[in-house]
Amino acid sequence: MTKQLLIWWVVSVLSASTTPAYMNNEQLDLMHYAFEKSSQAEINPELFAKLIDCESKWNPNAKGDYRIEENKFMARGILQFWENTFKTHSKKYNLSRDYTNPYDQIDLAVFMLKEKEGWKHWYNCSKAIKLNK
């Protein structure tokens, strides 16, 4: 992707987002990677970017789904995977990946979203961005 196209795409995605206008280089690299991977898999890159934005605001260190009984956050990363979910789906697709790596989370999400029901993993954000329509 050309730099000009990437800048246009970033602006168009973020203009409808609550993500701050400032993104660091790591987040821009992740956005570029997400665009490339989703495009190659014939997944709408704009919707994929909105899903990531909804889940983590492009923060690879995001934490969510806090469980008071366990005193820990269950979901982590750019796509808010639970570790067991990540491992289970990685095995399903025969991927050897790192749960904490945002690029690996993007790769796995692309495999999952290619399936008809894949969007259900991100139920709330998928519904919010109308990914399941």
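Residues numbered from 1 in each chain as written. Predicted model: local features only at pLDDT ≥ 70, side-chain atom pairs only at ≥ 80, totals over all residues. Heavy atoms only, no water.

1. Quick notes on the packing of helix H2 (residues 25-40) against helix H3 (residues 45-56)
When two helices pack together, their arrangement is captured by the angle between the axes and the distance separating the axes.
And then number 1: The geometry of H2 relative to H3 is characterised by a closest axis approach of 9 Å and an angle of 135 degrees between their N-to-C directions. By the angle between their axes, H2 is oblique relative to H3. The element H2 and its partner H3 pack so that their crossing is right-handed. Of the residues in H3, those in contact with Ala34, Phe35, Ser38 and Ser39 of H2 are Pro45, Phe48 and Ile52.
And then number 2: A breakdown of the residues in the contact of H2 with H3 according to their chemical character gives five nonpolar, two polar and no charged. (Axes fitted to C-alpha atoms, helices over the stretch in contact; angles between N-to-C directions. Helix = DSSP H or I, 4+ residues; strand = E, 2+ residues; numbered from the N terminus. Parallel < 35°, antiparallel > 145°, perpendicular 65-115°, else oblique. Left-handed = near helix turned anticlockwise from the far one by under 90°. Contact = heavy atoms within 4.5 Å. Nonpolar A, V, L, I, M, F, W, Y, C, P; charged D, E, K, R; others polar.)

2. Remarks on helix H5 (residues 102-114)
And then number 1: Taking 1.5 Å of rise per residue, 13 residues should cover 18 Å, and H5 covers 18 Å from first to last C-alpha, within 8% of that figure.
And then number 2: Counting buried residues in H5 gives 10 out of 13 residues, a clear majority hidden from the surface.
And then number 3: Where H5 is concerned, the buried positions are Pro102, Asp104, Gln105, Ile106, Asp107, Leu108, Ala109, Val110, Met112 and Leu113.
And then number 4: Residues of H5 that are buried sit in contact with H2, H3, strand E2 (72-76), strand E3 (81-82) and helix H4 (83-92).
And then number 5: Sitting at the amino-terminal end of H5 is Asn101, which places a side-chain oxygen 2.7 Å from the backbone nitrogen of Tyr103. (Expected span 1.5 Å × (residues − 1). Buried < 20%, exposed > 50% of the residue type's maximum accessible area, 1.4 Å probe, protein only. Polar contact = N/O pair within 3.5 Å; in protein donor to acceptor, adjacent residues only side chain to side chain.)

3. Some details on the nonpolar core
And then number 1: Among the nonpolar cores identified, the biggest contains 28 residues, and Phe48, Trp58, Leu79, Phe81 and Ile106 are the most heavily contacted of them.
And then number 2: Tallying contributions element by element places H5 first for this core, with six residues.
And then number 3: Setting aside anything within four residues of it in sequence, one finds Leu79 in contact with Phe48, Leu51, Ile52, Glu55, Gln105, Ile106, Ala109 and Trp122. (Core = buried A, V, L, I, M, F, W, Y, C linked by side-chain atoms within 4.5 Å.)

4. Some words on the packing of aromatic side chains
And then number 1: This structure, assessed with the given rule, holds seven aromatic pairs.
And then number 2: Each ring, one from Tyr33 and one from Tyr103, has its centre 4.9 Å from the other, and the planes form 85 degrees; the classification is edge-to-face. On the criterion of sequence distance, the pair formed by Tyr33 in helix H2 and Tyr103 in helix H5 is long-range, its members being 70 residues apart.
And then number 3: For Tyr103, a relative accessible area of 27% translates into the label partly exposed.
And then number 4: Taken together through their ring pairs, the aromatic side chains of Phe81, Phe86, Tyr99 and Trp122 make up a single cluster.
And then number 5: Of note, Lys114 hangs over the ring of Phe111, and the distance from its end group to the ring centre comes to 5.6 Å. (Phe/Tyr/Trp six-rings, centres within 6.5 Å; stacked < 30°, edge-to-face > 60°. Lys NZ or Arg CZ within 6 Å of the ring centre and 35° of its normal.)

5. Notes on the sheet that holds E3
And then number 1: Taken in spatial order, the three strands of this open sheet run E1-E2-E3, and their pairing is antiparallel. Each edge of the open sheet carries a strand with a single partner, namely strand E1 (63-67) and E3.
And then number 2: Sheet analysis places E1 next to E2, joined by four bridges and oriented antiparallel. Looking at E2, one finds that Arg67 is bridged to Lys72. (Pairing = 2+ DSSP bridges.)

In short, the description is geometric, and any link to function would need to be established separately.
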